[in-house]
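# Observations on chain architecture
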Amino acid sequence: MTPLLSVKDVAKYYGPHIGCTDVSFDLYPGEVMGIVGESGSGKSTLLNCLAGHLPADRGEVFFDTRVDGPRDTLKMREPERRLLGRTDWAFVHQHARDGLRMGVSAGGNVGERLMAVGARNYGDIRANAQDWLGRVEIDASRIDDRPTTFSGGMQQRLQIARNLVTGPRLVFMDEPTGGLDVSVQARLLDLLRGLVRDLGLSAIIVTHDLAVVRLLADRLMVMKSGHVVESGLTDQVLDDPQHAYTQLLVSSVLQV
Amino acid sequence: MIKLSNVSKVFTLHNQGGTVLEVMRCANLFVPAGECVALTGVSGAGKSTLMRIIYGNYVAAAGEVLVGDTDVTQAEPREILQLRRETLGYVSQFLRVVPRVPTLEVVAEPLLSLGVDEQKAKARAAELLGRLNIPEALWGLSPTTFSGGEQQRVNIARGFAHNFPALLLDEPTASLDATNREVVLTLIEEAKARGTAIVGIFHDEAARERVCDREIDVTGFSPQVAA
């Protein structure tokens, strides 16, 4: 099987400081990988490099494109990468406001991505948007309301609908449940898990919440000071951590 | 079906003075299809550790752990996940589920992840929940609010939903009443008759006598004895 994403020796420096370095891994179709680590460990830097939001200083990121097979996305021209960003890739930001257009209605937010890939029939777009609002449990009556009138959890769900409507194959998520209260978090996790299973998505999820990765991720990568210190099957890394830092991370979680 | 050769296990506690605990040395175990082997030994002897090594949950320090044709100690995460989906089931002592998911779906999930049609999967789940005497009124509710015994039964139903060729059972009859204990033992006997290889931990001696063909005392795998 060809990996969907093959990352080889990616590095990013901020002047003399290491953002992340020596990162290599393969992600296969249908796999969900979690990246955990404390603030400043380089996990978000890595995610942004992979998604093309930040230029990497070294390395290769091969994505198995539908038409041409594996292509190094770091060497792609900007328009090509942007097209990927609208079609096969999705990026769920920690703050829904960064991923939504706050001045446009909920239906418009979802429909915009469809129009970006060529949908033109208003009725189809609206029906599709309505279907997706339903899937993320937003009441159909809110379709013409702006996201500014939504709660934080609703905004996050709207962002997910906007991202998934074009049927991407790879989803990047940066702290998707950060800043939400626990009941909303549980609901969102349940939703994400169902979507990942039903649509066969691959995903890379950056978070500092170990409970989130245990529920969502098949695999785990632990980062510290820009380096990957441990990786493996999620439950194995959490239940039998080998590296000193992972042991510290796991033992620092408060028991409820 | 399950074959362990010279398996050892070491825990290194980096944050507690770098303590190195060698807990298992040269463990060998072979379980053919249709046989049930009980792991025995006092609490802390390493029964659960051995079981977790077979499941790929703990990393073995050395040795080979074959389940079918897969060496769990060498396999990639996705190979282990595939093994867990198709071949190797595990009924742990505690139920771990996503909040909000109804019981019927929790039990049907192993089948759904194998691509079994939703209606069939739910019918199988309903059959098992019925046999394990979980009232139908509870099937639509999340098991997180259930009693300990009910959660244990949901866990068992989930573990038996798919006919795994290999099965690990951690105290399957603990916290069950006589009727349900009988149901679980029958489920185990049926699985054996289908050719499932089973490794189990049973503190319930009568249950062990009834379903297990052999007993392995894991104390024999501790480094002090082997040394």
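Everything that follows concerns the structure shown earlier in this document.
Residues numbered from 1 in each chain as written. Chains lettered and ligands numbered in written order. Predicted model: local features only at pLDDT ≥ 70, side-chain atom pairs only at ≥ 80, totals over all residues. Heavy atoms only, no water.

Before going further, it helps to examine empty space enclosed by the protein. Residues and elements named next belong to chain A. This structure, assessed with the given rule, holds one cavity of 30 Å³ or more. The calculated volume of the largest cavity comes to roughly 40 Å³. In terms of lining residues, the largest cavity is bounded by Val92, Ile160, Leu164, Val171, Met173, Leu192, Leu195, Val196 and Leu201. Of all the elements in the fold, those that place two or more residues in the lining of the largest cavity are α6 (152-164), β7 (170-174) and α7 (182-199). At three residues, the largest contribution of residues to the lining of the largest cavity is made by α7. Residues of the lining of the largest cavity, tallied by class, amount to nine nonpolar, no polar and no charged. (1 Å grid on protein atoms, 1.4 Å probe; cavity = no way out; pocket = protein on both sides within 12 Å on 5 of 7 lines; lining within 4 Å. Points joined across faces, edges and corners; volume = space filled by probe spheres on them. Helix = DSSP H or I, 4+ residues; strand = E, 2+ residues; numbered from the N terminus. Nonpolar A, V, L, I, M, F, W, Y, C, P; charged D, E, K, R; others polar.)

For helix α1 (residues 43-50) of chain A, a buried count of seven out of eight residues is recorded, marking the element as mostly surrounded by other parts of the structure. Turning to α1(A), its buried residues number three or more, namely Lys43(A), Thr45(A), Leu46(A), Leu47(A), Asn48(A), Cys49(A) and Leu50(A). (Buried < 20%, exposed > 50% of the residue type's maximum accessible area, 1.4 Å probe, protein only.)

Here we take up the interface of chain A and chain B. Contacts between the two partners involve 24 residues from chain A, matched on the other side by 24 residues from chain B. Both sides of the chain A and chain B interface together cover about 2100 Å² of buried area, and 53% of this is carbon and sulfur. Summed over the three residues of chain A that lose the most area to chain B, namely Arg197(A), Leu233(A) and Asp240(A), the buried surface amounts to 25% of that side. One can count four salt bridges joining chain A with chain B. Across the pair Asp239(A) and Arg52(B) runs a salt bridge, and its minimum N-O distance is 3.9 Å. Where chain A touches chain B, the interface holds eleven residue pairs in polar contact (both at pLDDT 80 or more). Of all the secondary structure elements, the ones that give two or more residues to the side of chain A that touches chain B are α7, α8 (210-216), β10 (227-233), α9 (234-239) and α10 (244-251) of chain A. The leading source of residues in the side of chain A that touches chain B is α7(A), at five residues. (Contact = heavy atoms within 4.5 Å. Buried area = accessible area lost by both parts, 1.4 Å probe. Salt bridge = Lys/Arg side-chain N within 4 Å of Asp/Glu carboxyl O. Polar contact = N/O pair within 3.5 Å; in protein donor to acceptor, adjacent residues only side chain to side chain.)

Residues and elements named next belong to chain B. Inspection of the secondary structure puts Asp71 in strand β5 (residues 70-71). Within the buried core, Asp71 has no salt-bridge partner, and the shortest N-O distance to an opposite charge, that of Lys3, equals 10 Å. There is a polar contact of 2.7 Å between the side chain of Asp71 and the side chain of Thr73. The contacts of Asp71, once residues within four sequence positions are left out, are Glu64, Val65 and Leu66. (Lys, Arg positive; Asp, Glu negative; His and termini not counted.)

Both the distance between ring centres and the angle between the ring planes are used here to describe each pair of aromatic rings. One pass over the structure, following the stated rule, counts five aromatic pairs over all chains. Measuring from centroid to centroid gives 4.7 Å for Tyr55(B) and Tyr90(B), while their planes differ by 45°, and the two rings are tilted. One end of the pair, Tyr55(B), is in helix α1 (residues 47-55); the other, Tyr90(B), is in strand β6 (residues 88-91), with 35 residues separating them in the sequence. With relative accessibility at 15%, the residue Tyr55(B) sits in the buried group. An aromatic cluster is built from Phe63(A), Trp89(A), Phe91(A) and Phe172(A), whose rings are joined through pairwise contacts. The ring of Tyr55(B) has Arg84(B) lying over it, and the distance from NZ or CZ to the ring centre is 4.0 Å. (Phe/Tyr/Trp six-rings, centres within 6.5 Å; stacked < 30°, edge-to-face > 60°. Lys NZ or Arg CZ within 6 Å of the ring centre and 35° of its normal.)

Before going further, it helps to spend a moment on the side chain of Thr234(A). Residue and element names in this part refer to chain A. Within the secondary structure layout, Thr234 lies in helix α9. Thr234 gets classed as buried once you look at its relative accessible area, which sits at 3%. When residues no more than four places from it in sequence are discounted, the contact partners of Thr234 are Val213, Arg214, Ala217, Asp218, Arg219 and Leu220.

Moving on, we come to the sheet that holds strand β1 (residues 2-13) of chain B. Residue and element names in this part refer to chain B. Spatially, four strands are ordered β2-β1-β4-β5 in an open sheet, and the strand pairing comes out antiparallel. A single partner strand is all that each edge strand has here, and the edge strands are β2 (19-31) and β5. Sheet analysis places β1 next to strand β4 (residues 62-67), joined by five bridges and oriented antiparallel. Residue Lys3 lies in a different strand from β4, and its bridge partner there is Leu66. (Pairing = 2+ DSSP bridges.)

It is worth spelling out the sheet that holds strand β4 (residues 58-65) of chain A at this point. Residues and elements named next belong to chain A. The four strands are arranged β2-β1-β4-β5 in an open sheet whose pairing can be described as antiparallel. Only two strands of the sheet have a single neighbouring strand rather than two, namely β2 (17-27) and β5 (69-72). This sheet shows a mean twist of 20° between the axes of neighbouring strands, independent of strand direction. Pairing geometry for strand β1 (residues 5-14) and β4, over five bridges, is antiparallel. (Axes fitted to C-alpha atoms, helices over the stretch in contact; angles between N-to-C directions.)

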